Amino acid sequence: MSRIAKLDSQVEDLKSLLPTCCTVEEIVTELDTMRAGYVNLSDVRRFMFGFGVTVKYASFTTMVNEIHMRRKIFTQHSLKGSFMLPDSLDFRDMAVLTLSLTSEACQASMDANSDNEAKSVLYLLRSSEPCPGCGCRVQRSADAAGCPSVTCPVCRTPFKCYHVQGDRPEPCYPLTSTAKTNLYRLLGGALEAADELERERRELAAFLTHEICGLCDVFTALACGRDSLGFSQLDLRRAFAAQGLPAPTGGWWVMWRRFAAPNSSSVSFLDFKGQLQPFL
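Overview of the structure. (Residues numbered from 1 in each chain as written. Predicted model: local features only at pLDDT ≥ 70, side-chain atom pairs only at ≥ 80, totals over all residues. Heavy atoms only, no water.)

## Thoughts on the overall build of the protein
Within the protein, the regular secondary structure consists of twelve helices and six strands. With the principal axes as the frame, the protein shows a C-alpha extent of 70 × 50 × 35 Å. For the protein, buried positions account for 42% of its 280 residues. Residue pairs in contact within the protein that sit at least 24 positions apart in sequence constitute 61% of those at least 6 positions apart. (Helix = DSSP H or I, 4+ residues; strand = E, 2+ residues; numbered from the N terminus. Buried < 20%, exposed > 50% of the residue type's maximum accessible area, 1.4 Å probe, protein only. Contact = heavy atoms within 4.5 Å.)

## Overview of the packing of helix α1 (residues 2-15) against helix α11 (residues 252-259)
Direction vectors running N to C along α1 and α11 enclose 105 degrees, while the axes themselves pass 9 Å from each other. Here α1 is positioned roughly perpendicular relative to α11, judged by the angle of their axes. Within the contact between the two elements, α1 uses Ser-2, Ile-4, Ala-5, Asp-8 and Ser-9 and α11 uses Val-254, Met-255, Arg-258 and Phe-259. (Axes fitted to C-alpha atoms, helices over the stretch in contact; angles between N-to-C directions. Parallel < 35°, antiparallel > 145°, perpendicular 65-115°, else oblique.)

## Looking at unusual backbone geometry
Phi is positive for Arg-156, which is not a glycine, with a value near 65 degrees. The residue Arg-156 is located in the loop between β5 (149-151) and β6 (158-160) in this model. Positive phi, normally seen in glycine, also occurs at Cys-224, with a value near 55 degrees. Position of Cys-224 among the secondary structure elements: in the loop between α9 (215-222) and α10 (233-242).

## Description of the nonpolar core
Residues Met-63, Leu-89, Met-94, Phe-231 and Phe-272 are the most contacted members of the largest nonpolar core, which totals 60 residues. Of all the elements, helix α8 (residues 177-210) adds the most residues to this core, at ten residues. Ignoring any residue separated from it by four or fewer positions in sequence, one finds Met-63 in contact with Leu-89, Leu-97, Ala-190, Leu-191 and Ala-194. Formed by six residues, the second largest nonpolar core is a distinct cluster that contains Val-138, Cys-152, Phe-159 and Cys-161. (Core = buried A, V, L, I, M, F, W, Y, C linked by side-chain atoms within 4.5 Å.)

## Looking at the state of the cysteines
Scanning the model with the defined rule gives zero disulfides in all. Free cysteine Cys-106: the closest other cysteine sulfur is in Cys-22, separated by 15 Å. Among the residues examined, Cys-106 registers a relative accessible area of 0% and is labelled buried. Cysteine Cys-155 is unpaired, with the sulfur of Cys-131 as its nearest cysteine sulfur at 3.5 Å. Assessed through its relative accessible area of 30%, Cys-155 is described here as partly exposed. (Disulfide = S-S within 2.5 Å.)

See the structure below:
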């Protein structure tokens, strides 16, 4: 689990290198040259080949599985009626891959029911401001471009809003050379991390088989025998301390978000097992 947190933290650091003005829409447009609505192995291979790197099929599918696993955790094991292609990345997958997991945009994208809803949410987050009173997103019309003072239509709180709704669709610019280079680093790091995590899972599965125990026994120990309740973050901290292990790289939040369902104070066995079993 500590190793998973370390690799997740490394990928998060690579995400921070992307320019703040670089949007998920622009990244998808760069990769999805056929405008199929998703990014597949051929798209990633074409992009990475421009930097002299050949992407293996196994590495790509493992990375896709990692992202899909995260999305299932955040949507309570339900894809809300959507269908995820096993060997491709849709818009929401790309949001998880490129946006910081701590950002409001990433979590909103994972909670969206469709790619179109995710695009709308990301647009609102970029082009509106939250009301300081109730949090309702607000943007000014073009007719009120000269005055930043607005009143929230929900709670009537007055505040300053500097986002103006334009008459034209939001532009989607080609990626700069710097953005392409940092996207290459992110994709390379995510592929390597996925491969390393899968190797760690296989080694764990082999070790547990050799020791004639399983993930259920490990989970029971972490949960202090409270299997039905799962284990809390406090239980996890105690387990690390008992083993003399330092706090995970990137902090407890990164690791906790990997295993725990959203708004949950404990990790269930299904969440625990899903993250530590080999995909293949």
